[in-house]
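# Reading the structure
Below are the chains, spelled out letter by letter.
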Amino acid sequence: MKMLKTLVIAATLAIGAPALAQDTTAPAAPAAATAAPATPAVATPAPAAEAAAPAADATYVPMKPTDGIGQPVQGGIDFQPQATDLGQRAKNLNNHVLLPIMTVVALFVLGLLLWVILRYRAKANPVPSKTSHNTLIEVVWTAVPALILIAIAFPSLSLLAAQYKPASADAVVIKVKGYQWNWGYEYPDHGIGEYISKMLDEPAAKAAGEPFQLAVDNRMVVPVGQEVKLIITGADVIHSFAVPALLTKMDAVPGRANETTFTVNKPGVYYGQCSELCGVDHAFMPIAVEALPPEKFAAWVRSKGGKMPGEAAPAPAPAAAAPAAAAPAAAPATVPAAAPAAAATN
């Protein structure tokens, strides 16, 4: 009986083994058939015109100076041609009021000296005069100079008051700082940070068509017809900001902010120099002020990366388009094998 059972089990195993082997050795499904095809990610590039930040205004071109304007001339004895109303007013006061008065007084005193030399010389007056007082003469020589000073005081003081009148609310504000030995300019209302202005060497000045020892690499630029307010200080020692054609002169004192204003009435390039002894290179820190029409001044502001007051700030560049969503990751290259033999037998 036991032998019979053993033969039945052996026959059953012999019949089921080929089927089991066929199930467990079935080849895995090809990866290509079961894996989802991956969709290539395609990034959409942002248009170049939109992605790039707006370029600075390239229409600004530095102005060429005019001979005899805004700079000294050979053998000159008069004021430089004035580019501000206050400067022209000061020139008229000097040439039409002060100079005639000085000329008359000088000639009168010279005439008195010559008359006294001739009239009261020892040969003509062997017996000297004993006169010690003359009331009329003393009143005259006291009253006349006082009246002259009073006549000069009115136009002089009114001009001085006009020079230092507080700037208007819409004035262009420029911070000026004197260094050993160059100048720094900053435009806080236009978003232009401080830049340094240095003297050009002789070859560079000649190449630019500008006077040597007055030409600079970075000018101060101002608009024509609009008031300019300078806030002037020194970084190390006392300097002095002076531009004769603009009737402007103000000391740059460390730790102190001095203020002056001017309004240029004609386009041009106007030169000046530091007018306070400030060290070994004092003579080599010139000033160049370029006055431009308002639209060209605005172009210069944009060329420096700034903006005009009230002008909208440049819009930021749009972000690049997000890349197309990638397809889900591909399925593994191999698929799990068929159920284990143990599971198949169950």
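Counting starts from 1 at the beginning of each chain's written sequence and moves along it residue by residue. Selection of residues for local features in this predicted model requires a pLDDT of at least 70, selection of side-chain atom pairs for listing and counting requires 80 or more, and totals for whole chains, interfaces and linings are taken over all residues. Hydrogens are left out, water is left out, and the side-chain values use all remaining heavy atoms of the structure.

### Section: the sheet that holds strand E2 (residues 182–187)
Filter applied, for reference: Pairing between strands requires that DSSP locate at least two bridges from one strand to the other. By definition, any uninterrupted DSSP run of H or I lasting at least four residues is a helix, any uninterrupted run of E lasting at least two residues is a strand, and each is numbered from the N terminus. Each axis is a line fitted through C-alpha atoms, and for a helix only the stretch in contact is used; angles between axes span 0 to 180 degrees, taken between their N-to-C directions. By definition, residues are in contact when any of their heavy atoms lie within 4.5 Å.
One open sheet holds the 5 strands; their spatial order is E3-E2-E1-E5-E8, and the pairing between them is mixed. Each having just a single partner strand, strand E3 (192–197) and strand E8 (258–262) make up the two edges of the open sheet. Averaged over all adjacent pairs, the angle separating strand axes in this sheet is 25 degrees, with direction ignored. Note: strand E5 (residues 228–234) against E8, 5 bridges, orientation antiparallel. Within E8, the position partnered with Val 228 by the bridge is Phe 262. Where helix H7 (residues 294–303) meets the sheet, its contacts fall on strand E1 (172–179), E2 and E3, and the angle it forms with E3 comes to roughly 90 degrees.

### Side note on the pattern of salt bridges
To keep it simple, the criterion reads: Throughout this description, the term salt bridge denotes a Lys or Arg side-chain nitrogen within 4 Å of a carboxyl oxygen of Asp or Glu. The rule is simple: take the accessible area with a 1.4 Å probe, protein chains only, and divide by the maximum for that residue type; under 20% is buried, over 50% is exposed, in between is partly exposed.
Under the definition given, this model contains 5 salt bridges. Between Lys 206 and Glu 202 there is a salt bridge; the shortest N-O distance is 3.3 Å. Taken together, the residues span about one helical turn, with Lys 206 and Glu 202 both in helix H6 (residues 202–207) at a distance of 4 residues. As a salt-bridge pair, Glu 290 and Arg 219 come within 3.0 Å of each other at their nearest N and O atoms. With Glu 290 in strand E10 (residues 286–292) and Arg 219 in the loop between H6 and strand E4 (220–223), this residue pair connects regions lying 71 residues apart in the sequence. In this pair, the class of Glu 290 matches that of Arg 219, namely buried. In this structure, a network of salt bridges that share partners links the residues Glu 210, Arg 219 and Glu 290.

### Concerning the environment of Gly 184
Along the polypeptide, Gly 184 turns up in strand E2. It is 5.5 Å that separates the C-alpha atoms of Gly 184 and Tyr 195, two residues lying 11 residues apart in sequence. Dropping the residues within four chain positions of it, Gly 184 is found in contact with Lys 175, Val 176, Lys 177, Tyr 179, Glu 194, Tyr 195 and Ile 196.

All quantities given are derived from atomic positions and should not be read as evidence of function.
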